[in-house]
Amino acid sequence: MSARRVDLKENSSWYCIIDVVNKLIRVENLTKIYGKGNTQTIVLKDLSFDLDNGESLCVIGPSGSGKSTLLHILGGLDNPTSGKVSINGQLLNELNDKELSAFRNKTIGFVFQFFYLQDYLTALENVILPAKISSETPKDIEKRAMELLGMVGLKHRMKHYPNEMSGGEMQRVAIARALVNNPQLLLADEPTGNLDKDNANKVIEIFDAVHERGVNIILVTHDEKLGKKFDTSFHVDKGALVNNHR
Ligand code: ADP
Ligand code: MG
């Protein structure tokens, strides 16, 4: 368990304290609506769930069901129309832009379907990039980045550029990059969606190893089979939660 100290407000209850220690994430009545009137699109419908520290979650749903929107809101990259998200007891909507950005950098790592590596940087430089703003010495950051590239099996490719790597390798660099700031939570959006079966399996094995290290993972996918590899999974359909497996 990796609970963090949180400054409790005066009116806190024991419930709140227990929540802070155990709950990684709490989502309450989350709704996201784009547009107005006739052009209105309801993307997320009154979604509620929670996740304990140490649990991993897979959200499964077809294309257009609202998975990316959900993940962006959980990671503080987008705002809900209504409802609340709290991480470690911290309500995301109570943070201003600067605080949210600092919270994100410290707590959350992102992995996307299309990797989004910088073409002009080597694998090692890509992994180091998100840590540039930290107060650590460049040497310490580089050491950790190399260790992470070792964990994803790519230490020998650290001086290579993305255009010299396969899709599977690029995704493994992207995972190392997502971990460089020691996040407590890794959010992954269809991370195997662009990979063949072998590379997809490798990526899932790495997620297992990352989870073993105590990082919580929330992965969204259209791939039913991935759900079985997670502590918890649920389906979303047209933005609504349809069933929950624990
Ligand atoms: P998924 O990741 O499951 O494929 P998304 O979260 O990307 O689903 O999208 C869910 C729905 O929200 C889709 O119907 C999409 O067209 C719609 N949508 C996403 N972003 C916007 C937007 N900025 N404006 C209007 N509709 C949007
Ligand atoms: Mg998506």
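Residues numbered from 1 in each chain as written. Chains lettered and ligands numbered in written order. Predicted model: local features only at pLDDT ≥ 70, side-chain atom pairs only at ≥ 80, totals over all residues. Heavy atoms only, no water.

What follows is about the sheet that holds strand E1 (residues 23–34). Taking strand neighbours across the sheet as the criterion, the four strands line up as E2-E1-E4-E5 in an open arrangement whose pairing is antiparallel. Both outer strands of the open sheet, strand E2 (41–52) and strand E5 (90–91), are each paired with one neighbouring strand and no more. Relative to E5, strand E4 (residues 82–87) is paired through two bridges, and the arrangement is antiparallel. Bridge pairing links serine 86 to leucine 91 in E5. (Pairing = 2+ DSSP bridges. Helix = DSSP H or I, 4+ residues; strand = E, 2+ residues; numbered from the N terminus.)

Taking 1.5 Å of rise per residue, the 13 residues of helix H6 (residues 167–179) would be expected to cover 18 Å, and the 19 Å separating its terminal C-alpha atoms lies within 8% of that figure. Among the 13 residues that make up H6, 12 are buried, leaving the element largely enclosed by the rest of the structure. Those residues of H6 not exposed but buried are Gly168, Glu169, Met170, Gln171, Arg172, Val173, Ala174, Ile175, Ala176, Arg177, Ala178 and Leu179. Where H6 is buried, its residues meet strand E6 (108–111), helix H4 (123–128), helix H5 (138–151), strand E7 (185–189) and helix H7 (197–212). (Expected span 1.5 Å × (residues − 1). Buried < 20%, exposed > 50% of the residue type's maximum accessible area, 1.4 Å probe, protein only. Contact = heavy atoms within 4.5 Å.)

Now for the site of ligand 1. Close contacts around ligand 1 come from Tyr34, Val43, Pro62, Ser63, Gly64, Ser65, Gly66, Lys67, Ser68 and Thr69, and that covers them all. Interatomic distance of 3.1 Å between a backbone N/O atom of serine 65 and an oxygen atom of ligand 1. Broken down by element, the shell around ligand 1 gets its largest block of residues, three residues, from helix H2 (residues 67–74). Looking at the shell around ligand 1 residue by residue, the class counts come to three nonpolar, six polar and one charged. (Near = heavy atom within 4 Å. Polar contact = N/O pair within 3.5 Å; in protein donor to acceptor, adjacent residues only side chain to side chain. Nonpolar A, V, L, I, M, F, W, Y, C, P; charged D, E, K, R; others polar.)

Of the two faces of strand E3 (residues 57–60), both are covered, the one formed by Leu57 and Val59 as well as the one formed by Cys58 and Ile60. Sheet analysis places E3 next to strand E9 (residues 232–237), joined by four bridges and oriented parallel. Each residue of the ladder has a partner; that of isoleucine 60, found in E9, is histidine 235.

A few words now on the pairing of strand E8 (residues 216–221). Residues in a regular strand point their side chains to alternate faces of the sheet. Of all six residues making up E8, six are buried, and the element is well covered by its neighbours. Of the two faces of E8, the one carrying Asn216, Ile218 and Val220 and the one carrying Ile217, Leu219 and Thr221 are both buried. Inspection of the sheet shows E3 paired to E8 by four bridges, in the parallel sense. Within E8, the position partnered with leucine 57 by the bridge is isoleucine 218. Strand direction decides the pairing type here: E7 and E8, joined by five bridges, are parallel. Within E8, the position partnered with aspartate 189 by the bridge is valine 220. In this fold, the crossover linking E7 to E8 by way of H7 has right-handed handedness. (Right-handed = clockwise from strand over helix to strand, strands pointing away.)

Along the chain, histidine 235 turns up in strand E9. At 3.0 Å, the side chain of histidine 235 forms a polar contact with the side chain of glutamate 224.

Turning next to the side chain of arginine 144. Following the sequence through the fold, arginine 144 ends up in helix H5. Once you skip the residues sitting within four places of it in the chain, arginine 144 turns out to touch Glu136, Val180 and Asn182.

Further remarks concern unusual backbone geometry. Backbone geometry places asparagine 88, a non-glycine residue, at a positive phi of 50 degrees. Looking at the secondary structure, you find asparagine 88 in the loop between E4 and E5. A positive phi is found at phenylalanine 115, a non-glycine position, where the angle reads about 65 degrees. Within the secondary structure layout, phenylalanine 115 lies in the loop between E6 and H4.

As far as function goes, none of this settles anything; it's purely spatial.
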